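Below are the chains, spelled out letter by letter.
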Amino acid sequence: MSTPEKAVLKRTALNAVHRASGAKMVDFCGWDMPVEYSGITREHLAVRTAAGLFDVSHMGEITVQGREALALLQHITCNDVSRLSDGQAQYSALMLPNGSAIDDCVVHRFGPDHYLLCVNASNTEKDFGWVVKNNTFTADVRDVSAQYAQIALQGPRAVEILAKVAEPQPGDLKYYWFRPARCCGVEGILARTGYTGEDGFEFYFSPDRSERVWTGLLEAGKAEGLIPAGLGARNTLRLEAAYPLYGHELDETTTVLEANLGWIWKREKGDFLGKDVLVRQQEQGVSKRLVGFEMVDRGIARDGYPVWIEGKCVGKVTSGSPAPFLKKNIGLAYVPPALSDVGREIQIAIREKLALARIVALPFYKRPK
């Protein structure tokens, strides 16, 4: 009997650079990606105190263009795309009829008939198919992921590092805005966005210039403490900031209201997929609520561990890990709304033993103004 062939992993244009740097590589959603270079804790702390550089070229990009581009996006997303100005970005979700998300995304407006969606790598093909399926308008929808590399520079020193190698100067770019720019001599799109809870930028550009941008930024930021960071630190950073991760806090059975994302849906904008469900939940309440917790007892609450309250198993951990900057073990979990009050003691089943934890206010970490 022949053994099945192992699927070939996709690679970003920086794959050889990561391997030459000694990065630990893992299979992430079919991509060969660096999980760490010098250690997750060191990389996490660098982003909180100085800066870290991430290769996020595995993320997906979808363009929506044409006279009815806005109408299509208003139909399939929960946020109000009509509020965007040219050069502005918006966090949103691609919606299902049941009020849940097929994915979360960032919508970028280049003009009234030109938008770019940045979506999760694991969902790119699914997302593109869903947008096309719901395109009963005259919009032109294309998966342009192969045209873009994406590098994220994150941390409190990101501005001063980028200012050495970017034109125009990045300091006046507002949060969640973007514009054409040159970085290390390479033309691209610079957005003041990110997924770490820190100030920072994401640069979209042609993949064939990846090594020039990557090495140029690392050299420019050496004196400020910039180091390369992998997916491990990206995960612990987003957890400290209580940002959702698709497949954990978000999935096709959890509504955006249940996921504490009520701020990204706009009831007044008109009809969209799943709006009726969200309206009903807003009026009648949700059946589960996402909460944050800190461990009181020793132990780390890993993803999927059962959550017990008052002698009953009432939910499970969606994300859990040590928080390197806060020096605590933290996590996110879904529990019944009546049992979700801050300060409530809960228990996490860790290797069949119940460990004490406590519900706390979110986010766990918020960067200083």
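Values in this document were obtained by computation on a predicted structure and should not be read as measured data.

Before going further, it helps to spend a moment on the overall build of the protein. Across its full length, the protein holds eight helices and 20 strands. Computed over C-alpha atoms, the radius of gyration of the protein comes to 21 Å, within 12% of the 21 Å expected from 2.2 N^0.38 for 369 residues, which places it in the range of a compact globule. Viewed in the frame of its principal axes, the protein has a C-alpha envelope of about 60 × 60 × 50 Å. For the protein, buried positions account for 55% of its 369 residues. Sequence separation of 24 or more characterises 64% of the internal contacts of the protein that already satisfy a separation of 6 or more. Of the roughly 16500 Å² of accessible surface on the protein, a fraction of 51% belongs to carbon and sulfur atoms. Of the charged side chains in the protein, 44 are positive and 44 negative; the average position of the first set lies 4 Å away from that of the second.

Per the counting criterion, the structure on display carries eight aromatic pairs. Taken together, a centroid distance of 6.0 Å and an interplanar angle of 20 degrees make the contact between Tyr-195 and Tyr-243 stacked. Linking Tyr-195 in the loop between strand S12 (186-191) and strand S13 (200-205) with Tyr-243 in the loop between helix H7 (231-240) and helix H8 (275-284), this pair joins segments that are 48 residues apart in sequence. Geometry around Tyr-334 places Lys-288 over its ring, the cationic atom sitting 4.7 Å from the centre.

Positionally, Val-317 belongs in strand S17 (residues 312-323). On the accessibility criterion, Val-317 (2% relative accessible area) is buried. Val-317 has contacts with Phe-293, Ala-301, Arg-302, Asp-303, Gly-304, Tyr-305, Val-307, Leu-332, Ala-333 and Ile-348, leaving out every residue within four places of it along the chain.

Moving on, we get to the environment of Ala-93. The topology assignment puts Ala-93 in strand S5 (residues 88-95). The buried category is assigned to Ala-93, whose relative accessible area is 1%. Counting along the chain gives 171 residues from Ala-93 to Ile-264, while the straight-line C-alpha distance between them is 7.9 Å. If we skip the residues at most four places from it in the chain, Ala-93 touches Ile-76, Thr-77, Cys-78, Ala-101, Asp-103, Asp-104, Cys-105, Val-256 and Ile-264.

Within the open sheet, the seven strands sit side by side as S10-S11-S12-S13-S9-S3-S14. Their pairing is mixed. The sheet is open, and its two edges are formed by strand S10 (166-167) and strand S14 (227-228), each paired on a single side. Here strand S3 (residues 52-55) runs beside strand S9 (residues 149-154); their pairing, made up of four bridges, is antiparallel. What sits directly across from Leu-53, in S9, is Leu-153. The sheet contacts of helix H6 (residues 210-220) involve S3, S9, strand S11 (178-183), S12, S13 and S14, and relative to S9 the element is tilted by about 10 degrees.

With respect to topology, five strands assemble into an open sheet ordered S5-S6-S7-S4-S8, the strand pairing being antiparallel. The sheet terminates laterally at S5 and strand S8 (140-143), the two strands that pair on one side only. With strand direction ignored, the average angle separating the axes of adjacent strands in the sheet is 25 degrees. Strand direction decides the pairing type here: strand S6 (residues 101-111) and strand S7 (residues 114-119), joined by six bridges, are antiparallel. Paired with Val-107 across the two strands is Leu-117, which belongs to S7. Where helix H4 (residues 124-133) meets the sheet, its contacts fall on strand S4 (60-65), S5, S6, S7 and S8, and the angle it forms with S8 comes to roughly 170 degrees.

Attention shifts here to helix H2 (residues 40-49). Since the α-helix turns once every 3.6 residues, residues separated by three or four places project in the same direction. Of the residues making up H2, those classed as buried are Glu-43, His-44, Ala-46, Val-47 and Arg-48. The inward-facing, buried residues of H2 abut strand S2 (31-36), S3, S9, S14 and H7.

Empty space within the largest pocket amounts to approximately 1200 Å³. Along its surface, the largest pocket is lined by 43 residues, and Tyr-175, Tyr-176, Gly-194, Tyr-243 and Trp-263 are the ones closest to its centre. Secondary structure elements with two or more residues in the lining of the largest pocket: S5, S6, S7 and S13. Looking at the lining of the largest pocket, the element that brings in the most residues is S6, giving four residues. Its residues placed into classes, the lining of the largest pocket shows 25 nonpolar, nine polar and nine charged.

Conventions and cut-offs
- Residues numbered from 1 in each chain as written.
- Predicted model: local features only at pLDDT ≥ 70, side-chain atom pairs only at ≥ 80, totals over all residues.
- Heavy atoms only, no water.
- Helix = DSSP H or I, 4+ residues; strand = E, 2+ residues; numbered from the N terminus.
- Rg over C-alpha atoms; globule rule 2.2 N^0.38 Å.
- Buried < 20%, exposed > 50% of the residue type's maximum accessible area, 1.4 Å probe, protein only.
- Contact = heavy atoms within 4.5 Å.
- Areas by Shrake-Rupley, 256 points an atom, 1.4 Å probe, with all protein chains shown as cover.
- Lys, Arg positive; Asp, Glu negative; His and termini not counted.
- Charge placed at Lys NZ, Arg CZ, Asp CG, Glu CD.
- Phe/Tyr/Trp six-rings, centres within 6.5 Å; stacked < 30°, edge-to-face > 60°.
- Lys NZ or Arg CZ within 6 Å of the ring centre and 35° of its normal.
- Pairing = 2+ DSSP bridges.
- Axes fitted to C-alpha atoms, helices over the stretch in contact; angles between N-to-C directions.
- 1 Å grid on protein atoms, 1.4 Å probe; cavity = no way out; pocket = protein on both sides within 12 Å on 5 of 7 lines; lining within 4 Å.
- Points joined across faces, edges and corners; volume = space filled by probe spheres on them.
- Nonpolar A, V, L, I, M, F, W, Y, C, P; charged D, E, K, R; others polar.

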